[in-house]
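The primary structure of each chain is shown beneath.
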Amino acid sequence: MSIAEGIVQTLEEQALVQGYSRVKRVWLEIGPLAAVEQESLRFCFDAVTRGTLAEQAQLEIIELPGEAWCLACAATVPITQRYDSCSRCGSYQLQVTRGDELRIKELEVE
Ligand SMILES: [Zn+2]
């Protein structure tokens, strides 16, 4: 619930800055390491936007890829969760470089 509430709070803050009165659509970028369950986020978003400027706004979720730097391979490899092993060599010496994003990419407002 707190993620959805944070989004609504951001939308309300941005409304003051940008001068819109209604949010129609929200594009949200989520990395695989953000530990967000999309279905429950959608459900919470619908619940917390009720009675706000984002009531009935569409939530569009953009899934970003996860990436890590493998110390053993000295290469960037794709990952789908934080404690993945390297898909090339099986090493667990990975430094996560991408994938914990959770941000609003774009808004459709009026
Ligand atoms: Zn490797």
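With that out of the way, let us pick up the environment of glycine 66. Mapped onto the fold, glycine 66 is located in strand S3 (residues 66-70). The spacing of glycine 66 and aspartate 100 is 34 residues in sequence and 7.7 Å in space, taken between C-alpha atoms. Apart from residues lying up to four places away in sequence, glycine 66 is in contact with Pro32, Val77, Pro78, Ile79, Arg98 and Gly99.

Here we take up unusual backbone geometry. Positive phi is not limited to glycine here, since alanine 35 has a value of about 55°. Note on placement: alanine 35 falls in the loop between strand S1 (23-30) and helix H2 (38-49). The phi torsion at glutamine 56 lies on the positive side, around 65°, for a residue other than glycine. Overall, glutamine 56 belongs to the exposed group, its relative accessible area being 70%.

What follows concerns the coordination of the zinc ion. Put simply, the ideal angle at a metal is 109.5 degrees for four donors in tetrahedral geometry and 90 or 180 degrees for six donors in octahedral geometry. Donor atoms from the polypeptide that bind the zinc ion are Cys70 (SG), Cys73 (SG), Cys86 (SG) and Cys89 (SG), placed at 2.2 to 2.3 Å. Its 4 donor atoms give the zinc ion angles of 104 to 112° at the centre, a pattern that matches the tetrahedral case. Looking at cysteine 86, the relative accessible area reads 4%, which means it is buried.

What follows is about the packing of helix H1 (residues 2-18) against H2. Two elements in contact, H1 and H2, have axes whose closest approach is 8 Å; the angle formed by their N-to-C orientations is 50°. Relative to H2, the element H1 is oriented oblique. For the pair H1 and H2, the crossing hand works out as right-handed. The residues of H2 that touch H1, namely those facing Ile3, Ala4, Glu5, Ile7 and Val8, are Leu41, Cys44, Phe45, Val48 and Thr49. Taken together, the residues of the contact of H1 with H2 sort by class into 8 nonpolar, 1 polar and 1 charged.

The next point concerns the environment of serine 91. Looking at the element boundaries, serine 91 is found in the loop between strand S4 (75-79) and strand S5 (94-98). For the pair serine 91 and cysteine 70, spaced 21 residues apart in sequence, the C-alpha separation works out to 7.5 Å. In this view, serine 91 contacts Cys70, Ala72, Ser85 and Cys86; residues no more than four positions away in its chain are not counted.

What counts, and at which threshold
Residues numbered from 1 in each chain as written. Predicted model: local features only at pLDDT ≥ 70, side-chain atom pairs only at ≥ 80, totals over all residues. Heavy atoms only, no water. Helix = DSSP H or I, 4+ residues; strand = E, 2+ residues; numbered from the N terminus. Contact = heavy atoms within 4.5 Å. Buried < 20%, exposed > 50% of the residue type's maximum accessible area, 1.4 Å probe, protein only. Donors = N, O, S within 2.8 Å, 3.2 Å for Na, K, Ca; no water. Tetrahedral: all angles 85-135°; square planar, octahedral: opposite > 155°, others 65-115°. Axes fitted to C-alpha atoms, helices over the stretch in contact; angles between N-to-C directions. Parallel < 35°, antiparallel > 145°, perpendicular 65-115°, else oblique. Left-handed = near helix turned anticlockwise from the far one by under 90°. Nonpolar A, V, L, I, M, F, W, Y, C, P; charged D, E, K, R; others polar.

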